[in-house]
Amino acid sequence: MKEVALALGGGGARGLAHLKYLEFFEESDVSITRISGSSIGAIMGALFASGKSAKTIREELQQYFIFKGDRKRDVVKKVPDLMSWLTMINLDVREAGIMKADAFLENFMEELETMSFEDLEIPLTVIATDFWSGEQVVINSGPLKPAIMASAAIPGVFPPVEHMDRVLVDGSLSTSVPYFCHCDGDDLNVGIDLSPDRVPKKGKVPKAREATEGMFDIFIDHMVELQLKESKPDVYFRPGIENVGILEFDKVESIYDQAEKSVSKLKALCREQGLEI
């Protein structure tokens, strides 16, 4: 049996690309033995670890997006789910984030019935960050939802989460691609980093939101660089999903398209490490 331990990195909307890579492993008859994830990687990891196929997850999420091929009647059917995005916006400026983590997760995880790590079909580890100490917090037991909420709590976007007697924020701030969770096994350790390739654009000065997101990406780039100097997974895959901001879920078609085109690179890297696919 071909076995892979998979670490899914953060990246906001770019995290939808993980579904294409999970589909690739499924279609290649690869067994995913363990999963770890930070931020949206934790969300996608939890959905897959619950026993759903990547294709099923992608089909269930389609109701929240409009695709170029959608007909008018398709869009009309999606209106209630499309409107649910509005429930995620937090209009109270006194709150700690502009989006409500509960509403966000309900949109992405409403079909997920399993509510604890122990009930998942595939062992899952998620990473959060202690807001006060900056320490990496590894969570692999207990209630699932607060752990996922904490791992995906991007500062300034989602409010911090109180869990395990800590104040927790986005896992990417301490470990963006948590492949270290799988360094003790015989299965192929694969880390997927969805950080974008930063290409200078002549004559363009980034606007406030773009600069803020860019700052986040710069920080993660430096952190991952240090992490790779300490240890490396068997396969480190960075497809370079471009021109997609953290909250630009409306670019879902571009995300899927870029991911699809990069699957051949992931396949080649796995074959180099002896995975027969």
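Every chain is numbered independently, its residues counted from 1 as its sequence is written. Restriction of local features to residues with pLDDT of at least 70 applies here, the model being predicted, together with a cutoff of 80 or more for giving and counting side-chain atom pairs; totals for whole chains, interfaces and linings are based on all residues. Only hydrogens and water are removed before side-chain values are computed, so all heavy atoms of the structure are retained for them.

Trainee: Please explain the pattern of salt bridges as it appears in this structure.
Mentor: As a working rule, side chains carrying opposite charge can pair if their charged atoms are close by. Throughout this description, the term salt bridge denotes a Lys or Arg side-chain nitrogen within 4 Å of a carboxyl oxygen of Asp or Glu. Per the counting criterion, the structure on display carries twelve salt bridges. Here R238 and D221 are joined by a salt bridge, their closest N and O atoms 3.2 Å apart. Of this pair, R238 sits in the loop between β8 (235-237) and α8 (252-272) while D221 sits in helix α7 (residues 208-230), and the two are 17 residues apart along the sequence. Accessible area is worked out with a 1.4 Å probe on protein chains only. A residue is then buried under 20% of its type maximum, exposed over 50%, and partly exposed in between. Here R238 falls in the partly exposed class, since its relative accessible area comes to 24%. The helix and strand labels rest on DSSP assignments: H or I over at least four residues marks a helix, E over at least two residues marks a strand, and numbering proceeds from the N terminus.

Trainee: In this structure, what is going on with unusual backbone geometry? I would like to understand it.
Mentor: Even without being glycine, D165 reaches a positive phi, approximately 60 degrees. Tracing the chain through its elements places D165 in the loop between β5 (161-163) and β6 (166-169). Within the chain, N243 stands out as a residue other than glycine whose phi angle is a positive 60 degrees. Mapped onto the elements of the fold, N243 is located in the loop between β8 and α8. For N243, a relative accessible area of 52% translates into the label exposed.

Trainee: Hey, could you run me through the state of the cysteines in this one?
Mentor: Disulfides are covalent bonds that link the sulfur atoms of two cysteine residues. Count a disulfide wherever a pair of cysteine sulfur atoms falls within 2.5 Å. A complete count under the given rule lists zero disulfides for this structure. Free of any disulfide, C181 has its nearest cysteine sulfur in C183, 8.4 Å distant.

Trainee: Just to check I follow, could you spell out the pairing of β6 for this structure?
Mentor: Along any regular strand, the residues point their side chains to alternate faces of the sheet. In this sheet, β6 lies alongside strand β3 (residues 124-130) in antiparallel orientation, the contact comprising two bridges. Bridge pairing in β6 places T129 opposite V169. Should DSSP find at least two bridges between two strands, the strands are taken to pair. Across three bridges, β5 lies against β6 in antiparallel orientation. Bridge pairing links H163 to R166 in β6.

Everything listed here is a matter of geometry and, on its own, says nothing about what the molecule does.
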